[in-house]
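Listed below are the residues making up each chain.
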Amino acid sequence: MTKTLEDLLKLSPAERAEIAVTLWDSVSESEDADVLPLSAEMKAELDRRLAEHDANPGAAIPWEVALRRLRPRR
């Protein structure tokens, strides 16, 4: 079933987020992923974060923990 952008925008935030993640994964895992350019600023930020992680890998937390902290309690 093909949906228009208008149809997609009517979905719940959770449904839209799931679609966005699925789309992004399909782009980032494709053979053409290297065509997505990084600006100098983006590359510098990634390098900074990697250096920070290399210096203190124990400071990282699992994704599931980060999600629990960010999601509102119900």
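Residues numbered from 1 in each chain as written. Predicted model: local features only at pLDDT ≥ 70, side-chain atom pairs only at ≥ 80, totals over all residues. Heavy atoms only, no water.

**Student:** Residues and numbers for the overall build of the chain, please.
**Tutor:** Scanning the chain from terminus to terminus reveals 4 helices and 0 strands. Mapped in sequence order, the helices and strands of the chain form the string α-α-α-α. Radius of gyration (C-alpha) of the chain: 17 Å, far over the 11 Å computed for a compact globule of 74 residues. Counting only C-alpha atoms and orienting by the principal axes, one finds that the chain spans roughly 50 × 40 × 20 Å. Within the chain, the fraction of its 74 residues that count as buried is 3%. Carbon and sulfur atoms provide 60% of the accessible area of the chain, an area that totals close to 7100 Å². The positive charge centre, built from 11 side chains, and the negative charge centre, built from 15, are 12 Å apart in the chain. (Helix = DSSP H or I, 4+ residues; strand = E, 2+ residues; numbered from the N terminus. Rg over C-alpha atoms; globule rule 2.2 N^0.38 Å. Buried < 20%, exposed > 50% of the residue type's maximum accessible area, 1.4 Å probe, protein only. Areas by Shrake-Rupley, 256 points an atom, 1.4 Å probe, with all protein chains shown as cover. Lys, Arg positive; Asp, Glu negative; His and termini not counted. Charge placed at Lys NZ, Arg CZ, Asp CG, Glu CD.)

**Student:** Quick one: what's the story with the pattern of salt bridges, residue by residue and with numbers?
**Tutor:** A full pass over the atoms with the stated rule returns 5 salt bridges. A salt bridge links E45 to R48, with the shortest nitrogen-to-oxygen separation between them at 2.7 Å. On the criterion of helical spacing, the pair formed by E45 and R48 is a turn pair, its members being 3 residues apart in helix α3 (residues 40-55). Since its relative accessible area comes to 29%, E45 is described here as partly exposed. Two residues, E45 and R49, come together in a salt bridge whose shortest N-O distance is 2.7 Å. Of this pair, E45 and R49 both sit in helix α3, 4 residues apart, which is roughly one turn of the helix. What you see here is one network of salt bridges that share partners, running through E45, R48, R49 and E52. (Salt bridge = Lys/Arg side-chain N within 4 Å of Asp/Glu carboxyl O.)

**Student:** Give a description of the environment of L8 that names residues and reports values.
**Tutor:** Checked against the element boundaries, L8 lands in helix α1 (residues 5-9). Along the primary structure L8 and I19 are separated by 11 residues, whereas in three dimensions their C-alpha atoms are 9.0 Å apart. In contact with L8, not counting residues within four places along its chain, are K3, R16 and I19. (Contact = heavy atoms within 4.5 Å.)

**Student:** How would you explain a nonpolar patch on the surface if you had to name every residue and give the values?
**Tutor:** Among the surface-exposed residues, W24, V27, V35 and L36 lie close enough to one another that they form a single nonpolar patch of about 380 Å² accessible area. Tracing the chain through its elements places W24 in helix α2 (residues 13-28). (Patch = residues over 30% accessible without salt bridge, like charges linked within 9 Å, V, L, I, M, F, W, Y side chains within 5 Å.)

**Student:** Hey, could you go over the environment of P62 for me, with residue numbers and the actual values?
**Tutor:** Relative to the elements of secondary structure, P62 occurs in the loop between α3 and α4 (63-70). The spatial distance from the C-alpha of P62 to the C-alpha of E31 is 28 Å, given a sequence separation of 31 residues.

All quantities given are derived from atomic positions and should not be read as evidence of function.
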